[in-house]
Amino acid sequence: MFIYKIRQMMYNHKHDLAFTQIRGVETMTQPSPTDEKRRDPQQGRSVQRRRRILASTAALLQTTDYAALNVGDIARHAGTSVGSIYQYFPNKDALLHALAEQYLTEMGESAEAIFKPDGGQATLTERVEQAVDWLVRYSQEHPGFHHVVKSEWVSVAMRDAVNGVFDKIHALVCVIIGQTAPQLSQRRLQIASYVVMGMMWGVLDKITHTPPDFHPELISELKRAALVYIKSVVRGD
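Cut-off values and rules
Residues numbered from 1 in each chain as written. Predicted model: local features only at pLDDT ≥ 70, side-chain atom pairs only at ≥ 80, totals over all residues. Heavy atoms only, no water. Helix = DSSP H or I, 4+ residues; strand = E, 2+ residues; numbered from the N terminus. Buried < 20%, exposed > 50% of the residue type's maximum accessible area, 1.4 Å probe, protein only. Areas by Shrake-Rupley, 256 points an atom, 1.4 Å probe, with all protein chains shown as cover. Contact = heavy atoms within 4.5 Å. Expected span 1.5 Å × (residues − 1). Axes fitted to C-alpha atoms, helices over the stretch in contact; angles between N-to-C directions. Parallel < 35°, antiparallel > 145°, perpendicular 65-115°, else oblique. Left-handed = near helix turned anticlockwise from the far one by under 90°. Nonpolar A, V, L, I, M, F, W, Y, C, P; charged D, E, K, R; others polar. Core = buried A, V, L, I, M, F, W, Y, C linked by side-chain atoms within 4.5 Å. Phe/Tyr/Trp six-rings, centres within 6.5 Å; stacked < 30°, edge-to-face > 60°.

A. Representation of the overall build of the protein chain in the model. A tally of regular secondary structure across the protein chain gives 10 helices and zero strands. Counted from the first residue to the last, the protein chain has its helices and strands arranged as α-α-α-α-α-α-α-α-α-α. Burial analysis of the protein chain (237 residues in total) assigns 48% to the buried set. Accessible surface, the protein chain as shown: approximately 12,200 Å² in total, 52% of it carbon and sulfur.

So, in structure tokens, the structure goes:
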């Protein structure tokens, strides 16, 4: 799936400079999975109910395949009625799409809060370790994240939302490499970032499917591999 995603991102990429800034990433316009309008919650209680529904969807995706997941299961887990869910989401695909959009927004906000545009005083090693820790922590704190980004087949809108998530991560990697090697061409910077993303995503998948006692070593080896590769790019190897 990741190789396909890389090819798709490279094919669709039209604005090179947008990938060198976290805030400047351009994402595709994301159409709704349905033309049918649903209520946009305004009051505090409604907002909390919508969040609870999305959180339940994410939690259930850890143990249930998306195709087998139904709205009734989500309603029971969220402590609400099926009718309440349909007040906010016209169908199950819309639920998944909303969850992807939520992750996209949260990832952008957390990345901007942690990573400084100028790199600050951090060394390359510190920036790489920080980026890996951030992505692993985000995935662990958001139980449905890994399953959502593997669900681009659900709809065109879902594919576009998943593309946005990948764009955010790619932008972060571009910033880290670009701060250390500003002499790199945009094309070389993008390709190097795709390679690092492949490392990160591959190990993240293993972390999702391996016992917890394997995780520290997997994370440590990912940091080492990414750092060795980035240093070789900086040297021009």
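That covers the picture; the talk isn't over yet.
B. The arrangement of the side chain of Ser56 in detail. Take Ser56: it is sitting in helix α2 (residues 44–61). We classify Ser56 as buried; its relative accessible area is 3%. Look past the residues within four positions of Ser56 in its chain and what remains in contact with it is Ile74, His77 and Ala78.

C. Structural context of α2. Between its terminal C-alpha atoms α2 stretches 26 Å, which fits the 26 Å expected from 18 residues at 1.5 Å a residue. Those residues of α2 not exposed but buried are Ser46, Arg49, Ile53, Leu54, Ser56, Thr57, Ala58, Leu60 and Leu61.

D. Main features of the environment of Gln102. Tracing the backbone through its elements, the reader meets Gln102 in helix α5 (residues 92–114). You can call Gln102 partly exposed: its relative accessible area is 25%. Counting along the chain gives 48 residues from Gln102 to Leu54, while the straight-line C-alpha distance between them is 9.1 Å.

E. Main features of the packing of α2 against helix α3 (residues 71–78). At a minimum axis distance of 9 Å, the contact between α2 and α3 shows a crossing angle of 115°. Taken together, the axis directions place α2 and α3 in an arrangement best described as roughly perpendicular. Two packed elements cross with a definite hand, and for α2 against α3 that hand is right-handed. Across the interface between the two elements, Arg52, Ile53, Ser56, Thr57, Ala59 and Leu60 of α2 pack against Asp73, Ile74, His77 and Ala78 of α3. Its residues assigned to classes, the contact of α2 with α3 comprises five nonpolar, three polar and two charged.

F. Structural view of the nonpolar core. Grouped together as the largest cluster of nonpolar side chains are 64 residues, with contacts concentrated most on Phe89 and Phe145. The leading source of residues in this core is helix α8 (residues 156–180), at 11 residues.

G. Main features of the packing of aromatic side chains. Tallied over the entire structure, the rule returns four aromatic pairs. Taken together, a centroid distance of 6.3 Å and an interplanar angle of 80° make the contact between Tyr103 and Tyr138 edge-to-face. Residue Tyr103 is found in helix α5, and its partner Tyr138 is found in helix α6 (residues 124–141); the two are separated by 35 residues along the sequence. Comparing Tyr103 with Tyr138, the two get one shared label, buried. Judged by centre distance (6.5 Å) and plane angle (40°), the rings of Trp134 and Tyr138 are tilted.

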